[in-house]
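# An overview of the molecular structure
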Amino acid sequence: MADGIEDKTGSLKDQLSKIFEASLKVTVPDVHVEPLIVACAKKEFGDYQCNNAMSVWAKIKGSGTTFRGPQPVGQAIMKNIPETEMIESCSIAGPGFVNIKLSGKWIAKSILKMLIDGIDIWAPKLPFKRAIVDFSSPNIAKEMHVGHLRSTIIGDTLARMLEFSKVDVLRRNHVGDWGTQFGMLIEFLFEKFPSGEVNDQDIGELEVFYKASKKRFDDDTEFKERAQQAVVKLQAGEEKYRKAWAQICEISRKGYEKVYQRLGVHLEEKGESFYNPYIADTLDLLRQKGLIEESDGAQVIFIEGKKIPLIVVKRDGGFNYASTDLAALWYRLNEEKAEWIIYVTDVGQREHFEMFFTAAKRAGWLPTNESEYPKTSHVGFGLVLGDDGKRFRTRSTEVVKLVDLLDEAKTRCKAALVERGKAVEWTEEELESTAEAVGYGAVKYADLKNNRLTNYTFNFDQMLNDKGNTAVYLLYAHARISSIIRKSGKDIEELKKEGQLILEKNEERALGLHLLQFAEVVEEACTNLLPNVLCEYLYDLSEKFTSFYSVCQVVGSPEETSRLLLCEATAVVMRKCFHILGITPVYKI
């Protein structure tokens, strides 16, 4: 191996890439090659593989090279690897694949370093600094229902993944707080409360209030005309109407906050109304670039390959979702300086986003190359289904309120804990907090473990099962690890300073390697905006821990110190996974 300097930061793949980049520069100095490092599919060959030999050979053959095929290229790549404590051995397979076995001592040393310095040293390095995640986004005066669950949970997890990766994340709640529906709501409010002074108790359930105002709007022509006038007055800024609008928004906001509080989700509201003042100037910019055309009395942007244009000004001169979204995008790029803007909505809105992103590229706001920044992404997700395979609804065919759903998850968890005798062993506070952590965690994990693009069936019995790939099973696994450490009676902080970690058995090494792969898994989940990748990793981690614990005695064994440190490292990584998934860990069960 050649001499070289080792960079000990970044994911395992990153670190190996740097080592093989140095080797490739020596092997083929005149050819620029990006290292191709992948995990080995068959573990008997090694941990990772460098797959550059064939592509290098394709570039250099016939150019007077001394190499006689891809395998000699692979041999040279292996020979020119710089001196490193990271790699134990390498071998060649097939047409020049370099199989890499990592050093067990190096794996152990890296885990101990993480335990001492904290898991943030394992954060992946991403090529941008600021992102906006636009998620949840309920409509004012409507109750948050099961349909908002996916956007809220997926959006929060994406934001947490990026935040862990040291990205400055602006969490945006783009609430529907502007538009024609406010005319009927305000007019109905004035009918019921002529003074215009109302509070939560007066209005009662906003959803009921909304439906009653909609019925009046549909059934009464005179009311409909007054409602349409109310919209004009609101948009013109008349104080009485602005005040009524603000009251309705505030009552709605209090309802959402209760849900966000339960889910542990933090959002900053910048609703449709916030961007309203920017729409006219934004559309002028697009007109100057010749993008906006007249069509059937409306103003539109034609998008290549789409039958219907993107309408930005309606026939009546009013603005719509597209005009608001374009103004918001301009603001986010120019005022908030976002490099990646991520929109989390159901897959049904995919075409709208495709058209609106294409319009922004035509305007020169976004690069046409998808891999360059700034960029935008639509994170679509499927439906939440009931056991009957249809949209999840109550027996009276109403959509299920999110608050009711979370309450039931907690109630069922508490009942299961009481049945197991925990009401006698624990305080009421411990019982409540554990039921909440497990209940809410179960709802979140059942959603996040699926590929977000697919529909999933909401089933309490499945999600609250303590066996299989569920939050309950994973939270119990974490509690068991915490219990092993507690029962040892050892001070884990002292062990971190004084102890040594040795990975002798295959199960110890397999668990150690999986722990070290955490950074690249988070990076993959961030890059592809897929939280289920992290869920798979977490479930595999608990399975690998079970394999280790079934063959390696921890407490009372000669290797107790080393194995307690491995238990602690597993618990630390599990807790970080739970944090990113928005799940509160439990320490006893």
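Residues numbered from 1 in each chain as written. Predicted model: local features only at pLDDT ≥ 70, side-chain atom pairs only at ≥ 80, totals over all residues. Heavy atoms only, no water.

## Concerning the overall build of the chain
As a reminder, the rule being used: Secondary structure elements follow DSSP: runs of H or I no shorter than four residues count as helices, runs of E no shorter than two count as strands, and numbering proceeds from the N terminus. Summary of the burial criterion: residues with accessible area below 20% of their type's maximum are buried, those above 50% are exposed, and those between are partly exposed, where the area comes from a 1.4 Å probe applied to protein chains only. Contacts are assigned to residue pairs that have any heavy atoms within 4.5 Å of one another. The protein chains shown are the only cover counted for residues, whose accessible areas, like all others here, come from Shrake-Rupley with a 1.4 Å probe. None of His or the chain ends enter the tally, which takes Lys and Arg as positive and Asp and Glu as negative. Taken as the charge location is NZ of Lys, CZ of Arg, CG of Asp or CD of Glu.
Across its full length, the chain holds 24 helices and 14 strands. C-alpha atoms of the chain, sized along the principal axes, occupy 85 × 75 × 40 Å. Within the chain, the proportion of its 589 residues that are buried is 52%. Summarising the internal contacts of the chain: among those between residues at least 6 apart in sequence, 73% fall at separations of at least 24. Accessible area for the chain stands at about 27,600 Å²; split by element, carbon and sulfur atoms hold 49% of it. Taking the average location of the 78 positive side-chain charges in the chain and that of its 87 negative ones, the two points are 2 Å from each other.

## Structural notes on the sheet that holds strand β7 (residues 268-269)
Two strands in a sheet stick together by hydrogen bonds in their backbones, pointing the same way (parallel) or opposite ways (antiparallel). So the rule is basically this: Paired strands, in this sense, are two strands between which DSSP finds at least two bridges.
The sheet built from five strands is open, its strands ordered β7-β6-β5-β11-β12 with parallel pairing. Each edge of the open sheet is held by one strand with a lone partner, namely β7 and β12 (375-381). By the bridge criterion, seven bridges tie strand β11 (residues 340-346) to β12 in an arrangement that is parallel. Pairing of I341 across the sheet is with T376, part of β12.

## What about helix α5 (residues 146-164)?
Cut-off, in case you're wondering: For a helix, the expected span equals 1.5 Å multiplied by the number of residues minus one.
Between its first and last C-alpha, α5 extends 28 Å over 19 residues, near the 27 Å set by a 1.5 Å rise per residue. Where α5 ends, the next residue or the one after it, K166, has phi of about 65°, a positive value.

## Side note on the pattern of salt bridges
In plain terms, the rule: Throughout this description, the term salt bridge denotes a Lys or Arg side-chain nitrogen within 4 Å of a carboxyl oxygen of Asp or Glu.
With the rule as written, the count across this model stands at 44 salt bridges. R216 is the salt-bridge partner of D220, the closest N and O atoms lying 2.5 Å from each other. According to the relative accessible area criterion, D220 is partly exposed, its value standing at 24%. The partly exposed category is assigned to R216, whose relative accessible area is 25%. One salt-bridge network, in which partners are shared between bridges, spans E187, E191, R216, D220, E222 and R226.

## Observations regarding the state of the cysteines
Threshold: By convention in this document, the label disulfide applies to cysteine sulfur atom pairs within 2.5 Å.
Inspection of the entire model under this criterion finds zero disulfides. No disulfide involves C90; its sulfur sits 9.0 Å from that of C50, the nearest cysteine. Residue C90 is classed as partly exposed on the basis of its relative accessible area, which comes to 22%. Unpaired in this structure, C526 has its nearest cysteine sulfur neighbour in C577, at a distance of 12 Å. Its relative accessible area of 1% is what places C526 among the buried residues.

## Considerations on the packing of aromatic side chains
For clarity, the cut-off: Planes of paired rings set the category: under 30 degrees apart is stacked, over 60 is edge-to-face and the rest tilted, where pairs are Phe, Tyr or Trp rings (Trp by its six-membered ring) whose centres lie within 6.5 Å.
Per the stated rule, a full pass over the model turns up 25 aromatic pairs. Where F190 meets Y241, the ring centres are 5.4 Å apart and the plane angle is 80°; that geometry is what we call edge-to-face. Of this pair, F190 sits in helix α6 (residues 181-192) while Y241 sits in helix α10 (residues 239-263), and the two are 51 residues apart along the sequence. With respect to burial, F190 and Y241 carry one shared label: buried. A ring pair is formed by F274 and Y278, whose centres lie 6.1 Å apart and whose planes are at 35°; its orientation type is tilted. Classification of F274 as partly exposed rests on a relative accessible area of 28%. Given a relative accessible area of 28%, Y278 falls into the partly exposed group. One aromatic cluster is present, built from ring pairs that chain together F274, Y275, Y278 and Y331.

## A word on the environment of E250
Examined against the element boundaries, E250 turns out to sit in helix α10. For the pair E250 and A141, spaced 109 residues apart in the sequence, the C-alpha separation amounts to 9.6 Å.

## A few points about a negative patch on the surface
Put simply, the rule is: For patch building, the residue pool is restricted to those with more than 30% relative accessible area and no salt bridge; the joining distance is 9 Å between like charges and 5 Å between nonpolar side chains (Val, Leu, Ile, Met, Phe, Trp, Tyr).
Taken together, the side chains of E524, E536, D540 and E543 define an acidic patch exposed on the protein surface. With three residues, helix α23 (residues 532-551) is the single largest residue contributor to the negative patch. With respect to the element layout, D540 can be found in helix α23.

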